[in-house]
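So you can see what is in the structure, the chains are spelled out below.
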Protein chains: 4
Amino acid sequence: MYSFVNDYSEGTHPKVLELMVKSNFEQNIGYGLDKHCENARGLIRDWIGMPDSDIHFIPGGTQTNMLVISSLLRPHQCVIAADTGHINVHETGAIEATGHKVVAMPAKYGKLTPEAIRAALDYHVGEHMVQPKMVYISNSTELGTIYTKAELGAIREICLKNGLILFLDGARLGAALTCKSNDLSISELAKLVDVFYIGGTKNGALLGEALVFCREDLSVDFRYMMKQRAAMPAKGFVLGMQFEALLQDNLYLKLAAHANEMAEEAARIFKEHGFDFHAPPCTNQIFPIVPNELVKGLTEEFGCLDQTKVDGNHTCVRFVTSWATTPESIDYLRKYMNHILR
Amino acid sequence: MYSFVNDYSEGTHPKVLELMVKSNFEQNIGYGLDKHCENARGLIRDWIGMPDSDIHFIPGGTQTNMLVISSLLRPHQCVIAADTGHINVHETGAIEATGHKVVAMPAKYGKLTPEAIRAALDYHVGEHMVQPKMVYISNSTELGTIYTKAELGAIREICLKNGLILFLDGARLGAALTCKSNDLSISELAKLVDVFYIGGTKNGALLGEALVFCREDLSVDFRYMMKQRAAMPAKGFVLGMQFEALLQDNLYLKLAAHANEMAEEAARIFKEHGFDFHAPPCTNQIFPIVPNELVKGLTEEFGCLDQTKVDGNHTCVRFVTSWATTPESIDYLRKYMNHILR
Amino acid sequence: MYSFVNDYSEGTHPKVLELMVKSNFEQNIGYGLDKHCENARGLIRDWIGMPDSDIHFIPGGTQTNMLVISSLLRPHQCVIAADTGHINVHETGAIEATGHKVVAMPAKYGKLTPEAIRAALDYHVGEHMVQPKMVYISNSTELGTIYTKAELGAIREICLKNGLILFLDGARLGAALTCKSNDLSISELAKLVDVFYIGGTKNGALLGEALVFCREDLSVDFRYMMKQRAAMPAKGFVLGMQFEALLQDNLYLKLAAHANEMAEEAARIFKEHGFDFHAPPCTNQIFPIVPNELVKGLTEEFGCLDQTKVDGNHTCVRFVTSWATTPESIDYLRKYMNHILR
Amino acid sequence: MYSFVNDYSEGTHPKVLELMVKSNFEQNIGYGLDKHCENARGLIRDWIGMPDSDIHFIPGGTQTNMLVISSLLRPHQCVIAADTGHINVHETGAIEATGHKVVAMPAKYGKLTPEAIRAALDYHVGEHMVQPKMVYISNSTELGTIYTKAELGAIREICLKNGLILFLDGARLGAALTCKSNDLSISELAKLVDVFYIGGTKNGALLGEALVFCREDLSVDFRYMMKQRAAMPAKGFVLGMQFEALLQDNLYLKLAAHANEMAEEAARIFKEHGFDFHAPPCTNQIFPIVPNELVKGLTEEFGCLDQTKVDGNHTCVRFVTSWATTPESIDYLRKYMNHILR
């Protein structure tokens, strides 16, 4: 059985592991001040074309979201997000636990729009309500979709006009960048947002997200915040090594592209059987809508999760591929589907 | 140059690394619900002789402290700690950031006493002051000292009588348990506290602390809290593997014993030169008091930190050994000292 | 000009003022431990028929909401409210500032339903999401509507079955109890909820809300929480006096009934002119929908606020009456409307 | 019996009450935006000689402290205070509940010194510790002492040099300003601090503190914070009226001077009997040290509180006078002491 439950079921890519093994007995300074982190920062700065960006390595995504939001907002300020946004739904109130409201707006296919941001701004008038100060988007989104250059540009524009910080959650940024319909380069993206992160955990790292501040004024004293929120691991050099390895030879993008291809194959299977999707499949998360009687079997065979009832007879199930997904496992899925539906 | 700056400068012990490499391509369930974590929990339960204890793996020590304290206290309650306690000094206010006051009491050699706890209780009277509800101690302490069975028993007693939860920070528990003057077994210790953790990061793990709830009623919904405080890594199985490996063949204690021996050797060097110590050396952290003119050289050669001025002419410097410290590095320290002081 | 902007534009009812003046030079113990508070507690207990209820006087409504919610929830727990609920919209994130998410559910006419609570419970599954633990309702609601005995009973039932604490915000409880269509007595209401408050500020008091814990286990150490959240005024006896006076001779209900009657008259005027309402008018807040061209004049003449666009041509405006509203001011409104619409 | 337990046992000064009665039926805008507040702001600006200061009326002292500190600090920053400071001891952790550590420094007679501030700055080095950003002092202090112009100037200097915000808690500012040994005018004081408040509750008001921002950049969006922390009462005009009345004809200072005189008389009685004081008596709080056998009687007759054991035989008791203390009650104290000690 191969599990499509998520993209963090395996350890780390062999190239990362290799570097970890090779460097295991080095003595390195703690807390992210070591040479591996510094090297990885350089690689990232080169890649994104932003030599002055301030970069920090954080163990996980929820932590990064919580840290960025609580560091940049004053107590009375809120963050606007899609109602399906990770911070709104799946972080057990981590943002609210730092004191801030998440203003959740309806979003088609997980994508926030300037119109939704506008509506949130118009609704929040005056000191009896929270003050919108940040916009949070995910790319790829929680539904596997991506933002186009035009869409991100439009969001950027409304943010600029209204003094909103634009924060892009890139837990699955690799999947977005290597999506066939993507028209945004990493350096274009970096110029359109104020702060974003390059997700490692879900694209081949053992753990770690690379947080990039595109505006220097936003990261003042950020390491204090990291320490306070317990996001500054003693052996921070391990995080640096992840990105050192992943950013060699374009590995990061290659892994993501592989995951997307595997997902495309999987989506094809469902399409061939005439199934529709909860959101248009384009990255490594796909959401086919299947007859209820298939759910139990699919879950047992493939560990797919996030089953939402679509109507009385149909359920949406999530399949996630990763850098480690093999063509054989997709073949097995095809055979299984053919068998079950013949 | 060998750095004695801390006990988390290297990666992980080869046995841990071996297991990580071997298991790297397994698919495991996320968030600590996997078989490695379950296996590690069993090994810990056997070791501590507490088959019903509830055990969770947390990435780091600050995170564990913050989690335990914020989960177990109501908003108006405080935790009593030694003034040198890690939570009071070196966590950038992580505890206060969750809303709780740390009531810091003067403590000789980093050790809290029943008298100090009594004083804190007597001082806090009524609803205009925070309500003491927890006692936090570290073993070994931040000054490298340890609690005897009698001392821990006396603290336990005052806690029981006053409805205080007793929480033991075991970031360096291995060092305490293998200290030559220690008279507490792990199972005795577990019976004397309400909740404690077995530190991995500072004793051979890549990262990870094993948090043990000795009273089941204390851990209700604890995983919600872990998620909210961003302490539930996606690849939680990596944490499980650390303890799986460390608890094989007594490795955990062997590593700590080695670190203690290396520190004992180092302490001997300073003693031979007639130097005194800020706290009696007994585990893997020692605090020799040296003439000011030696500080620069020692720092450059050995990376020792935490330099506190003792008087106009003397400074206390911290040397920390680890599972990875070699006898050769101690020899080098001896030669250096002999050379510099001849 | 008479302002209908809200029900807290004047000072306090003459009977309250009289008691304040009469008692001004008494020496009273601070912090709500005085004889006036004790007397007021007794009057409330008699009125609600709950001799063992624990009662506290809090300066304001936002403070009471924030206090109750933050005292009764553990960090990972959330409160379910109508999307129009005061805690969700008009408290500048006071609840989130204490760390808790407000889960807002769509609500017709400001009233939460068992179905909406059920939906919130069904949506929140497992430790990656906040845990519903409390239901917050307002009676009368933010739209001036009220809960029937059957409706409150049904909410009570789903709360009991699911371990949810039921908290009723009674900032305008007088208006609800004296509404002509009300079928709930105060003692019935007290038996159906876990904690509620009797609003003073909006019904004749200078300031103050009387918070009633109907279950003793919920108020353990509550005074600590009051002090911590700055809700325990030094001259707490002033709060006690408000309720002492308001609960004499049924004054509290008489004042609310008067406000409702004035609102009924005002509603009649709008009905006579053929206007519809955003929610069925029944207490002291009414929401007529008027042609846009009337809004400016109404605002200038009557200070009515909360103007929401209903469609391109119509706007909903809020008129609020109080114990101090005179029949003359209603007459003036009638004349104004007749004049403007003749 | 007359109680010397504190300075907030009575209602409000007749002049304040008179204004409240006179204005009771006016309709005023809510939330502190009314003409009484505006008028009071003008009177304060004139008095302190700072026409551009931003002034807000807050119901109570704990609330003001919590608001100022949580509004002006970023999450990783702390406030330095005397160990006897109100925020450190008597607010049930209200400051920590907003996420900030209070760094308490030893202080003689309740007064913080530049040396103590220097020590706190020197101790907190780097991102593993909280970052000092504010200094909190009380004038008069919790021990009834006051700061001289030179002392406040020296504190100001160290704050300026180190980027620290200087916040002065003036809950008993009247007592300080009218102390015979005081050499600071209100306008000098206002120039030496960044933010301070003029306490009403403890000097004749029913409730209310007037918070003054001496630097405009510090109060951006402060009303959002007031609302969020539940410090913006609906009938805010009541707070404005307090200061409107108290600032007429120098009433505020007259009341404070009276309280000080009464305390001076009371202190004289204890001195005549040869008793010493815990801190030099100079304002309306005095702390005579009396033989233990007197404590019970004094407490019963005069309600004095805050009894701290000084040695086996002596106890320090607090006597507080107010604007309402009568010469007759001081005479009674004299007779009582003469009788008991004859």
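The notes below deal with the structure included here. Remember, it's a predicted structure, so these values are computed and weren't measured experimentally. (Residues numbered from 1 in each chain as written. Chains lettered and ligands numbered in written order. Predicted model: local features only at pLDDT ≥ 70, side-chain atom pairs only at ≥ 80, totals over all residues. Heavy atoms only, no water.)

## Quick look at the sheet that holds strand 5 (residues 165-169) of chain D
Residue and element names in this part refer to chain D. Heads up, the condition is: For two strands to be treated as a pair, DSSP must find at least two bridges joining them. Numbering of helices and strands runs from the N terminus; a helix is a DSSP stretch of H or I covering at least four residues, while a strand is a stretch of E covering at least two. The axes are straight lines fitted to the C-alpha atoms, using for helices just the contacting stretch, and the angles between their N-to-C directions are given from 0 to 180°.
Spatial ordering of the open sheet is given by 1-7-6-5-4-2-3, a layout of seven strands whose pairing is mixed. Each edge of the open sheet carries a strand with a single partner, namely strand 1 (54-58) and strand 3 (102-105). On average, adjacent strands in this sheet sit at an angle of 25 degrees to one another, irrespective of strand direction. As paired elements, strand 6 (residues 195-199) and strand 7 (residues 209-213) share five bridges and run antiparallel to each other. In the sheet register, Ile-198 faces strand 7, and the bridge partner there is Ala-210.

## Quick look at the interface of chain B and chain A
As a reminder, the rule being used: Residue contacts are counted whenever heavy atoms from the two residues lie within 4.5 Å of one another. Defined in terms of a 1.4 Å probe, buried area is the accessible area two parts forfeit on being brought together, summed over both. Each reported salt bridge corresponds to a side-chain nitrogen of Lys or Arg within 4 Å of a carboxyl oxygen of Asp or Glu. The term polar contact refers here to a pair of N or O atoms within 3.5 Å; inside protein, the definition further demands a hydrogen-donor-capable atom paired with an acceptor-capable atom, and it admits residues adjacent in sequence only when both atoms are side-chain atoms.
In this assembly, 42 residues from chain B lie in contact with 42 residues from chain A. Taken together, the two surfaces of chain B and chain A that pack against each other cover about 3700 Å², and 58% of this comes from carbon and sulfur. At the boundary of chain B with chain A, the tally comes to zero salt bridges. Counting across the interface, chain B meets chain A through 26 residue pairs in polar contact (both at pLDDT 80 or more).

## Remarks on the environment of Tyr2(C)
Turning to its location among the elements, Tyr2(C) is positioned in the segment before helix 1 (14-23). Sequence separation of Tyr2(C) and Asp83(C) is 81 residues, and the distance between their C-alpha atoms is 31 Å. The residues touching Tyr2(C), leaving out its near neighbours within four places in the chain, are Glu10(C), Glu301(C), Phe302(C), Ser322(C), Ala324(C), Thr325(C), Ser329(C) and Gln27(D). Reaching out from Tyr2(C), the side chain makes a polar contact with the side chain of Glu10(C) at a distance of 3.5 Å. Only 3.2 Å separates the side chain of Tyr2(C) from the side chain of Thr325(C), close enough to count as a polar contact.

## What to know about the relation of the copies chain B and chain A
The following threshold applies: Superposition of the copies was done by least squares, using only C-alpha atoms of residues whose pLDDT is at least 70 in both.
Take chain B, turn it by 180 degrees, move it 0.0 Å along the axis, and it overlays chain A with an RMSD of 0.0 Å. Both chain copies can therefore be described as sitting about a two-fold axis.

## Overview of the interface of chain A and chain C
By a frequent convention, interface size equals the accessible area lost on bringing the separate parts together. Let me state the cut-off plainly: Residues were grouped as follows: Ala, Val, Leu, Ile, Met, Phe, Trp, Tyr, Cys and Pro as nonpolar; Asp, Glu, Lys and Arg as charged; and all remaining residues, including Gly, as polar.
Across the boundary between the two partners, chain A contributes 18 residues, which contact 18 residues of chain C. Both sides together, the interface formed by chain A and chain C hides about 1400 Å², and carbon and sulfur atoms give 52% of it. When residues of chain A are sorted by the area they lose upon contact with chain C, Thr92(A), Glu96(A) and Lys101(A) head the list and together hold 38% of the total. Our count for the chain A to chain C interface comes out at two salt bridges. For Glu96(A), the salt bridge is made with Lys101(C), and the minimal N-O distance between the two is 2.7 Å. Summed over the shared surface of chain A and chain C, the number is 10 residue pairs in polar contact (both at pLDDT 80 or more). For the side of chain A that touches chain C, the elements supplying multiple residues, two or more each, are helix 4 (86-89) and helix 5 (94-97) of chain A. Along the lines of polarity and charge, the residues of the side of chain A that touches chain C split into six nonpolar, eight polar and four charged.

## As for the relation of the copies chain A and chain C
Of the transformation superimposing chain A on chain C, the axial component is 0.0 Å and the angular component is 180 degrees, with the fit at an RMSD of 0.0 Å. Counting the interface residues of chain A, we find that 100% of their copies in chain C are interface residues as well, pointing to one common contact surface.

## Digging into the pairing of strand 12 (residues 314-320) of chain D
Residues and elements named next belong to chain D. The condition is simple: We call a residue buried when its accessible area falls under 20% of the maximum for its residue type, exposed when it is over 50%, and partly exposed in between, using a 1.4 Å probe and counting protein chains only.
Summarising burial for strand 12: six of the seven residues are buried, a large majority. Pairing geometry for strand 9 (residues 285-286) and strand 12, over two bridges, is antiparallel. What sits directly across from Gln-285, in strand 12, is Val-320. With three bridges joining them, strand 10 (residues 288-291) and strand 12 adopt antiparallel strand pairing. Bridge pairing in strand 12 places Val-290 opposite Thr-315.

## Focus: the packing of aromatic side chains
Note the threshold: Centres within 6.5 Å are what make two rings of Phe, Tyr or Trp a pair, Trp counting through its six-membered ring; a difference in plane orientation under 30 degrees is then read as stacked, over 60 as edge-to-face, and the rest as tilted. Consider the ring centre and the ring normal. A charge sits over the ring if Lys NZ or Arg CZ is within 6 Å of that centre and within 35 degrees of that normal.
With the rule as written, the count across this model stands at 60 aromatic pairs over all chains. Relative to Phe167(C), the ring of Tyr136(C) has its centre 5.7 Å away and its plane inclined at 65 degrees; by these criteria the two rings are edge-to-face. Here Tyr136(C) is found in strand 4 (residues 131-138), whereas its partner Phe167(C) is found in strand 5 (residues 165-169), with 31 residues between them in sequence. Phe167(C) matches Tyr136(C) in its accessibility class, with the two residues each being buried. Consider the rings of Trp323(C) and Phe25(D), whose centres lie 6.3 Å apart with planes at 65 degrees: the pair is edge-to-face. Placement of the pair is Trp323(C) in the loop between strand 12 (314-320) and helix 14 (327-341) and Phe25(D) in the loop between helix 1 (14-22) and helix 2 (35-48), with the two residues belonging to separate chains. Grouping aromatic residues by their ring pairs yields a cluster made of Tyr2(A), Phe4(A), Phe270(A), Phe275(A), Phe302(A), Phe319(A), Tyr332(A) and Tyr336(A). Lys111(B) extends its terminal NZ or CZ atom over the ring of Tyr147(B), reaching a point 5.8 Å from the ring centre.

## Side note on the nonpolar core
Definition in use: Remark: nonpolar core denotes a set of buried residues (Ala, Val, Leu, Ile, Met, Phe, Trp, Tyr, Cys) joined through side-chain atoms within 4.5 Å.
In terms of nonpolar packing, the biggest core is built from 124 residues, with Phe196(A) and Phe196(B) touching the most fellow members. When neighbours within four sequence positions are excluded, Phe196(A) is seen to be in contact with Ile48(A), Phe167(A), Leu168(A), Leu173(A), Ile186(A), Leu189(A), Ala190(A), Ala210(A), Leu211(A), Val212(A) and Cys214(A).

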